[in-house]
Amino acid sequence: MSPRVLIAGGGTVGFEVARRLARSAVDLDVTLLSPDSVLVYQSLLPELASGVIEPRHAVVPLRAGLPGTRVISGELTGLDHEAGTAAVALRDGAEVEAPFDHLVIALGAISNVMPVPGLEERAIGFSTVAEALHLRDRVLDRMQLAEATADPEVRRRALTFVFVGGGYSGVEAIGELQSMADDATVQFASIDRSELRWVLVEASDAILPMVSPELRRHALATLRDRGIEVRLETMVERIDGRVVHLSDETHVEADTLVWCAGMRPHPVVGGLGLPVDDDGQLLVDAALQVEGTTDVWAAGDCARVPDLVGGGTCPPSAQYALRQASQLADNLVRSVRHQPSRALRYRPKGELITIGHHEAVGELFGRPLRGWLPWLLRHGYHIARIPTWRRKLRLWLDWTLNLTFAREITELGSVKHPRAAFEEAVAARDADLDEAQQRES
Ligand SMILES: Cc1cc2nc3c(=O)[nH]c(=O)nc-3n(C[C@H](O)[C@H](O)[C@H](O)COP(=O)(O)OP(=O)(O)OC[C@H]3O[C@@H](n4cnc5c(N)ncnc54)[C@H](O)[C@@H]3O)c2cc1C
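Everything quoted here is computed from the prediction, not taken from an experiment. (Residues numbered from 1 in each chain as written. Predicted model: local features only at pLDDT ≥ 70, side-chain atom pairs only at ≥ 80, totals over all residues. Heavy atoms only, no water.)

Q: What should I look at first to understand the pairing of strand β22 (residues 359-364) in this one?
A: Side-chain positions along a regular strand alternate between the two faces of the sheet. Judged from the 6 bridges that link them, strand β21 (residues 350-356) and β22 form a sheet pairing that is antiparallel. Considered in β22, the bridge of G350 is made with L364. Connecting β21 to the next strand, β22, in antiparallel fashion are 2 residues, including H357 with a positive phi near 50°. Pairing between β22 and strand β23 (residues 367-371): 5 bridges, direction antiparallel. (Pairing = 2+ DSSP bridges. Helix = DSSP H or I, 4+ residues; strand = E, 2+ residues; numbered from the N terminus.)

Here is the structure:
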């Protein structure tokens, strides 16, 4: 019987591990367990939110992208390591036990929601397709409200957008959404760009800690030049209704609050009985094996992987996650062949981060880059990296069309209530029936 490999998680790591195992010369029985039917390419969420790329082009269907891998809709809920079985909740609600010879844990991370009063009621995160789509509709919906209302307070609040967190997601999201809203003012004749208020709140003294101080300063200056209020060394203290109170004793009234202030390992990993650190990340060695085990592997945002090149631990990024995934798959195959594992030694090639308005900042092979060139290179990188030729082509088309024609600015808020029109029709029919009955009686 072929060794059974169970991969929990169909994101960056899970997809790459499955893809590599399918290509290996060893005969393995691979099952991928995922609550979603697609791999979400998170680095493209900012451009998805701003309407530059189509939502379906930022995801890759797991079944089509991984021929030869059994994909099961369900979630890992527990582990009996001694018995070699994983507890799985299937899509239909059934609880089953899945036996494995090797288990790969690739559950990623979720938003780190701090205990800020009012936060959970008022904020939205930015790590899923649904959140990115919601934000796009939200910005356009608030512009519609602002145009319709005669109340200046309502208008001001509708046109104010607060983002918390100056890392990848916060900076990319605010930069891209501001670009979209600026373009949208062409359709909203009564709204001037200067009325749109964008606030980025960051607890530390800089944004984009992953790039050099020079590039951080450039990104900060560019965002501020565009009118984005970047509040450094500031924290959100509490939220009262639509009022966001900040630690510098000021407040901002806004209808929209986006929480991008960090992620934390998926909570399921803490309940598996495996070693985790204080932050809840699985402790793995440089071969991507969970400490104290020979058959459990982990990588990506849910794992604490030693960085043998830069020192410390690998940062949570797609670039590291991909390299870890390929090393993990390689080592898993070596383990099946009774060969010694190899340690991950990875020197990142660079970073390319969009800041909106066709500009990016980044570093490539140690060279600092800013402006439209890194923005173009970023496109090339993602086209090269996204799995399947079909997705590569669609992405390239989206970006090319976007450069050629005006941005697609369409709000499809009604899709959130797909039965609304039908329910209205039912209500109209009932009203007609009532009226007819009254006439008869
Ligand atoms: C908005 C945003 C922008 C980003 N931009 C960049 C960037 O520009 N460059 C960069 O390098 N990095 C970027 N990152 C970070 C990067 O996307 C992550 O570091 C990377 O995706 C981590 O991969 P992963 O496989 O660990 O997790 P994920 O890709 O998140 O995959 C985790 C998977 O596990 C699944 N799952 C969850 N619970 C269960 C369960 N119980 N059972 C089974 N499956 C489960 C999830 O559905 C998901 O499919 C960005 C992240 C975000 C949110």
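Q: Can you help me understand the sheet that holds strand β15 (residues 251-253) in this one?
A: In any sheet, the strands associate via hydrogen bonds between backbone groups, in a parallel or an antiparallel arrangement. Read from one edge to the other, the open sheet built from 3 strands follows the order β13-β14-β15, with strand pairing classed as antiparallel. Unpaired on one side and paired on the other, β13 (236-240) and β15 mark the two borders of the sheet. Going from strand to strand, the sheet's axes swing by 20° on average, the running direction of each strand aside. For strand β14 (residues 243-246) and β15, the ladder comprises 3 bridges, and the chain directions are antiparallel. Within the sheet, the bridge partner assigned to V244 lies in β15 and is V252. (Axes fitted to C-alpha atoms, helices over the stretch in contact; angles between N-to-C directions.)

Q: How do you make sense of the environment of A219 when you look at a structure like this?
A: Here A219 is to be found in helix α8 (residues 213-225). Taking the C-alpha atoms as reference points, A219 and R370, separated by 151 residues in sequence, lie 8.6 Å from one another. In contact with A219, not counting residues within four places along its chain, are I207, L208 and V361. (Contact = heavy atoms within 4.5 Å.)

Q: I tried to follow the side chain of T354 on my own but got confused; where do I start?
A: By the element assignment, T354 lies in strand β21. Taking the relative accessible area as the measure of exposure, T354 reaches 0% and is therefore buried. Each residue touching T354, except ones within four places of it in the same chain, is listed here: E47, V171, E172, E176, E359, A360, W375 and R378. (Buried < 20%, exposed > 50% of the residue type's maximum accessible area, 1.4 Å probe, protein only.)

Q: Help me out: how do you make sense of the sheet that holds β21 in this one?
A: With respect to topology, 3 strands assemble into an open sheet ordered β21-β22-β23, the strand pairing being antiparallel. Since the sheet does not close on itself, it has two edges, and those belong to β21 and β23, each with one partner. The sheet shows a mean angle of 10° between the axes of neighbouring strands, taken without regard to direction. On the sheet, α8 packs against β21, β22 and β23 and is oriented at approximately 180° with respect to β22.

Q: What is the right way to look at the site of the ligand in this model?
A: Around the ligand sit 28 residues, and of these T12, V13, D36, Q42 and D301 come closest. G9 is positioned with one of its backbone polar atoms (N or O) 3.5 Å from a nitrogen atom of the ligand. In this structure, H266 approaches the ligand through a side-chain N or O atom, which is 3.1 Å from a nitrogen atom. Summarising the interface, the protein chains cover 92% of the accessible area of the ligand, which totals 1,000 Å² for the free molecule. For the shell around the ligand, the elements supplying multiple residues, two or more each, are α1 (12-23), β5 (70-80), α7 (168-184) and α9 (318-336). Looking at the shell around the ligand, its residues break down into 11 nonpolar, 13 polar and 4 charged. (Near = heavy atom within 4 Å. Polar contact = N/O pair within 3.5 Å; in protein donor to acceptor, adjacent residues only side chain to side chain. Areas by Shrake-Rupley, 256 points an atom, 1.4 Å probe, with all protein chains shown as cover. Nonpolar A, V, L, I, M, F, W, Y, C, P; charged D, E, K, R; others polar.)

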